[in-house]
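Descriptive analysis of the structure
What follows is the residue order along each chain.
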Amino acid sequence: KVVAVTFIYISCPDVCPMLSDKLARVQDALGPDFGTEIAFLSITVDPEHDTPEVLKDYAEALDADLAGWSFLTGEPAAVLEVARQYGVAVAPGPDGQVEHTLLTTLVDRHGTMRVQYLGYRFDPEEFRHDLLDLVNEP
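Anyway, here's the lowdown on the structure attached to this text.

What counts and how
- Residues numbered from 1 in each chain as written.
- Predicted model: local features only at pLDDT ≥ 70, side-chain atom pairs only at ≥ 80, totals over all residues.
- Heavy atoms only, no water.
- Helix = DSSP H or I, 4+ residues; strand = E, 2+ residues; numbered from the N terminus.
- Rg over C-alpha atoms; globule rule 2.2 N^0.38 Å.
- Buried < 20%, exposed > 50% of the residue type's maximum accessible area, 1.4 Å probe, protein only.
- Contact = heavy atoms within 4.5 Å.
- Areas by Shrake-Rupley, 256 points an atom, 1.4 Å probe, with all protein chains shown as cover.
- Lys, Arg positive; Asp, Glu negative; His and termini not counted.
- Charge placed at Lys NZ, Arg CZ, Asp CG, Glu CD.
- Disulfide = S-S within 2.5 Å.
- Pairing = 2+ DSSP bridges.
- Right-handed = clockwise from strand over helix to strand, strands pointing away.
- Axes fitted to C-alpha atoms, helices over the stretch in contact; angles between N-to-C directions.
- Parallel < 35°, antiparallel > 145°, perpendicular 65-115°, else oblique.
- Left-handed = near helix turned anticlockwise from the far one by under 90°.
- Nonpolar A, V, L, I, M, F, W, Y, C, P; charged D, E, K, R; others polar.
- Polar contact = N/O pair within 3.5 Å; in protein donor to acceptor, adjacent residues only side chain to side chain.

Quick look at the overall build of the protein now. Per the secondary structure count, the protein includes four helices and seven strands. The globule rule puts the C-alpha radius of gyration for 138 residues at 14 Å, and the 14 Å found for the protein is close to it. Along the first, second and third principal axes, the C-alpha set of the protein runs to 45 × 30 × 25 Å. The proportion of buried residues among the 138 residues of the protein is 43%. Sequence-distant contacts, at least 24 apart, represent 67% of the contacts inside the protein between residues at least 6 apart. Total accessible area on the protein stands at roughly 7100 Å², and carbon and sulfur atoms take up 54% of it. In the protein, 9 positive and 24 negative side-chain charges are present, and the distance between their average locations comes to 6 Å.

Next up, the structure:
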């Protein structure tokens, strides 16, 4: 599968919800390829607060199709290591917030990172097109 990997946290006051909403709209535009050829992976950068139950509620609120979209947490050290491997910096912020690089990474079916989008203002149609291009690669 082609995978889009994002790092978010549920109590994020601004950019994470906007990114997740954009992914939810692209999920709907991918049609039958979503879940079979394309998967989304959202990993929390706040594993102390984002329990599996919190992530499940968040996924339901987004109308995430869990056949193709997983929301993951884990041991804090492991989560930080995975974030680092994707080029995502994570640090404590004010008022319990978590400062982190907002990167969305596309990984091809061979496990190679191919495209990264910084922030949440990228074009959803370009994102959809890039995902489908990776699916259609030989």
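On to the state of the cysteines, then. For the structure shown, the criterion picks out zero disulfides. Between Cys-12, a cysteine without a disulfide, and Cys-16, which holds the nearest cysteine sulfur, the sulfur-to-sulfur distance is 3.0 Å. Residue classification places Cys-16 among the buried residues on the basis of a relative accessible area of 0%.

Burial along strand E3 (residues 69-72) is one-sided: the residues Trp-69 and Phe-71 are buried and none of Ser-70 and Leu-72 is. With four bridges connecting them, strand E2 (residues 38-44) and E3 associate as parallel partners. Looking across to E3, one finds that Phe-40 is bridged to Trp-69. A crossover links E2 with its parallel partner E3, the connecting element being helix H2 (residues 52-62), and its sense is right-handed.

Time to look at the sheet that holds strand E6 (residues 103-107). As summarised here, the arrangement of the five strands in space is E3-E2-E1-E6-E7, forming an open sheet in which the pairing is mixed. Each end of this open sheet is capped by a strand with a single partner; those strands are E3 and strand E7 (113-118). On average, adjacent strands in this sheet sit at an angle of 20° to one another, irrespective of strand direction. Where E6 and E7 come together, five bridges link them in antiparallel fashion. Of the residues in E7, the one forming a bridge with Val-107 is Met-113. H2 contacts strand E1 (2-8), E2 and E3 of the sheet and is inclined by roughly 150° relative to E3.

What follows covers the packing of helix H1 (residues 15-29) against helix H4 (residues 124-135). In the contact formed by H1 and H4, the axes pass within 10 Å of each other and the chain directions differ by 50°. In terms of orientation, H1 and H4 fall into the oblique class. You can see that H1 and H4 cross each other, and the crossing is right-handed. From H1, Lys-22, Leu-23, Val-26 and Ala-29 reach across to H4, where they touch Pro-124, Phe-127, Arg-128 and Leu-131. Grouping the constituent residues of the contact of H1 with H4 by class yields six nonpolar, no polar and two charged.

So, on to unusual backbone geometry. Its identity as a non-glycine residue notwithstanding, Asp-63 has a phi of 60°, on the positive side. Following the sequence through the fold, Asp-63 ends up in the loop between H2 and E3.

With respect to the secondary-structure elements, Tyr-9 resides in the loop between E1 and H1. Residues Tyr-9 and Ser-42, 33 residues apart in the sequence, show an inter-C-alpha distance of 9.0 Å. Beyond its immediate stretch of four places on either side in the chain, Tyr-9 contacts Cys-16, Thr-44, Val-45, Asp-46, Asp-50, Gln-97, Val-98 and His-100. One polar contact links the side chain of Tyr-9 to the main-chain amide nitrogen of Val-98, over a distance of 3.1 Å.

Worth remembering: the numbers are spatial, not functional.
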